[in-house]
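# Summary of structural features
Here are the chains, one letter per residue:
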Amino acid sequence: MHNRPQRDILKRPMSVQKAIFPVAGLGTRFLPATKAQPKEMLPVVDKPLIQYAVEEAYAAGVREMIFVTGRHKRPIEDHFDMTFELEVALEQANKQELLEVVRSVKPDDMECIYVRQPQALGLGHAVLCGQRLVGNQPFAVLLADDLMVGTPPVLAQMVEQFKEWRASILAVQEVPAEQTRRYGIVAGTPVSERMLDINRIVEKPAPEVAPSRLGVAGRYILTPGVFHEIATQPRGVGGEIQLTDGIASLLRREKVFAYRYEGKRYDCGSKEGFLEANVELALAHPQLGPGFREFLKRLEL
């Protein structure tokens with residue numbers, strides 16, 4: 001079932017150089033805040049959500065960032081573009097520290113590419129929009145809604161596993177039984193303390209039919225074979241082209257692993273998760289943390 005020629009495994013690059021960021025969603029759960037700005041640009045403490053995801057990819061060795069955008073997503077492009085007037089103003093005002101902050105948003109060796117998703121046809125379709133830019137290479141997919149905090153960063157942990165296994169890897173976490181309808185749920189055979197050889201993946205199952213409680217978080221390393229599987233899938237849950245269905249089909253041709261990552265995930269697609277991320281990351285902030293902690297203590301009185 002999982003066999004593939006050994007030569008194909010050996011030819012597969014060991015590093016992951018490209019990442020797809022599906023950012024075409026409308027962010028309706030955050031209206032009216034997202035009426036005129038992308039939800040990915042909502043700030044958590046002092047950085048927009050999308051920047052956390054891009055920094056995580058960069059820390060994992062990715063240098064080509066592919067943004068799958070929709071209408072009204074221009075602020076994302078502007079954020080990662082050079083802002084000449086701002087940099088000149090900061091330089092003239094001798095605000096060197098702020099200048100470094102602005103320039104660090106896009107390091108010189110990082111490339112940003114934008115491709116339009118013409119219709120909101122689901123996550124699988126968004127990934128498919130990046131096929132020509134990815135080519136025949138392994139690639140990462142990062143969902144900015146899922147703000148992941150880990151040491152080392154979660155995608156860097158996954159890249160290390162990819163170097164060993166050279167196969168698709170999905171980040172997973174245990175979820176409460178009543179929440180299985182929110183996730184792709186996987187089942188399989190453990191091959192190490194944190195790795196699972198997947199034999200089944202189901203998109204948003206009801207608790208009574210879920211194959212396990214291991215839910216896929218918003219980080220993936222995928223082999224290029226997944227593009228064909230996505231493209232030949234019928235519409236799935238919600239009438240959308242589901243990435244989970246493409247991965248389920250890929251299982252018939254290649255091994256796919258689940259990785260129990262070390263770290264914490266904030267579901268910033270929900271208001272509750274977004275608020276939790278702001279509070280916890282503010283408390284961990286080296287400059288803001290101590291004062292903010294004191295403020296919270298006063299609130300408890």
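For the structure itself, consult the block above.
Okay, so let's go over this structure. Note that the structure is predicted; figures quoted are calculated from it, not measured.

Moving on, we get to the pattern of salt bridges. One pass over the full model with this rule turns up 17 salt bridges. With its nearest N and O atoms 2.9 Å apart, the salt bridge here joins Glu56 to Arg219. Here Arg219 lies in strand β11 (residues 214-222) and Glu56 lies in helix α2 (residues 49-59), a separation of 163 residues in the sequence. On the basis of relative accessible area, Glu56 is assigned to the buried category, the value being 6%. When its relative accessible area of 1% is taken as the criterion, Arg219 is described as buried. We note a salt bridge from Arg194 to Glu262, for which the minimum N-O separation is 3.7 Å. Of the two residues, Arg194 is situated in the loop between β9 (184-190) and β10 (195-203) and Glu262 in the loop between β12 (256-260) and β13 (264-267); the sequence distance between them amounts to 68 residues. In this structure Arg194 comes out as partly exposed when scored by relative accessible area, which is 28%. Salt bridges here are not isolated pairs; linked through shared partners, they connect Glu87, Glu91 and Arg103.

On to helix α8 (residues 154-165), then. Taking 1.5 Å as the rise per residue, α8 with 12 residues should run 16 Å; its terminal C-alpha atoms sit 17 Å apart, in good agreement. Of all the positions in α8, only Val154, Leu155, Ala156, Gln157, Met158, Val159, Gln161 and Phe162 are classed as buried. Looking one or two residues beyond α8, the residue adopting positive phi is Arg166, at roughly 50°.

Turning next to α2. When you tally the buried positions in α2, you get 8 out of 11 residues, the bulk of the element. Along α2, the residues that are buried comprise Leu49, Ile50, Gln51, Tyr52, Ala53, Val54, Glu56 and Ala57. Immediately downstream of α2, the backbone of Gly61 shows phi near 100°, a positive value.

In this section: the packing of aromatic side chains. A full pass over the atoms with the stated rule returns 7 aromatic pairs. With a centroid separation of 4.9 Å and an interplanar angle of 5°, the aromatic rings of Phe139 and Phe227 are classed as stacked. Separated by 88 residues along the polypeptide, Phe139 in strand β6 (residues 139-142) and Phe227 in helix α9 (residues 225-231) bring together distant segments of the chain. Relative to Phe257, the ring of Trp165 has its centre 4.7 Å away and its plane inclined at 45°; by these criteria the two rings are tilted. In this pair, Trp165 sits in helix α8 while Phe257 sits in strand β12, placing the two residues 92 residues apart along the sequence. Assessed through its relative accessible area of 26%, Trp165 is described here as partly exposed. Phe257 gets classed as buried once you look at its relative accessible area, which sits at 2%. In textbook terms, an aromatic cluster arises when at least three aromatic residues are bridged by ring pairs, as seen for Phe21, Phe67, Phe80 and Tyr114. The ring of Tyr52 is capped by Lys47, whose NZ or CZ atom sits 4.7 Å from the centre of that ring. Just above the ring of Tyr58 sits the side chain of Arg63; from NZ or CZ to the centre is 3.6 Å.

Before going further, it helps to examine the environment of Gln242. Mapping Gln242 onto the fold places it in the loop between α9 and α10 (243-250). The class for Gln242 is buried, based on a relative accessible area of 7%. Once the C-alpha coordinates of Gln242 and Gln161 are considered, the two residues, 81 residues apart in sequence, prove to be 25 Å apart.

This brings us to the layout of surface pockets. Of the volumes computed, that of the largest pocket is approximately 1200 Å³. As for the largest pocket, its lining consists of 39 residues, of which Lys39, Leu123, Leu143, Asp145 and Lys204 are closest to the centre. At the level of elements, α6 (123-128), β11, α10 and β13 are the ones that each hand at least two residues to the lining of the largest pocket. The class makeup of the residues in the lining of the largest pocket is 17 nonpolar, 11 polar and 11 charged. Computed from the structure, the second largest pocket encloses a volume of approximately 920 Å³. Lining the second largest pocket are 36 residues, with Asp46, Lys47, Gln51, Glu55 and Ser104 positioned closest to its centre.

On to the nonpolar core. Core analysis: the largest hydrophobic core is formed by 37 residues, its most contacted members being Phe21, Ile50, Phe67, Phe80 and Leu155. Elements represented by at least two residues in this core include exactly β1 (18-22), α2, β4 (64-69), β6, α8, β8 (168-174), β11 and β12. With 6 residues, α8 is the largest single contributor of residues to this core. Grouped together as the second largest cluster of nonpolar side chains are 31 residues, Val68, Ala126, Phe139 and Phe227 included.

Between Leu31 and Pro32 the backbone carries a cis peptide bond, its omega angle lying at 5°. Here Pro32 is to be found in the loop between β1 and β2 (43-44). Here the residue pair Thr151 and Pro152 is connected by a cis peptide bond, since its omega of -5° sits within 30 degrees of zero. Take Pro152: it is sitting in the loop between β7 (146-149) and α8. The backbone phi angle of Arg166 is positive, close to 50°, even though this residue is not glycine. Note on placement: Arg166 falls in the loop between α8 and β8. According to the relative accessible area criterion, Arg166 is buried, its value standing at 18%.

Basis of the calculations
Residues numbered from 1 in each chain as written. Predicted model: local features only at pLDDT ≥ 70, side-chain atom pairs only at ≥ 80, totals over all residues. Heavy atoms only, no water. Salt bridge = Lys/Arg side-chain N within 4 Å of Asp/Glu carboxyl O. Helix = DSSP H or I, 4+ residues; strand = E, 2+ residues; numbered from the N terminus. Buried < 20%, exposed > 50% of the residue type's maximum accessible area, 1.4 Å probe, protein only. Expected span 1.5 Å × (residues − 1). Phe/Tyr/Trp six-rings, centres within 6.5 Å; stacked < 30°, edge-to-face > 60°. Lys NZ or Arg CZ within 6 Å of the ring centre and 35° of its normal. 1 Å grid on protein atoms, 1.4 Å probe; cavity = no way out; pocket = protein on both sides within 12 Å on 5 of 7 lines; lining within 4 Å. Points joined across faces, edges and corners; volume = space filled by probe spheres on them. Nonpolar A, V, L, I, M, F, W, Y, C, P; charged D, E, K, R; others polar. Core = buried A, V, L, I, M, F, W, Y, C linked by side-chain atoms within 4.5 Å.

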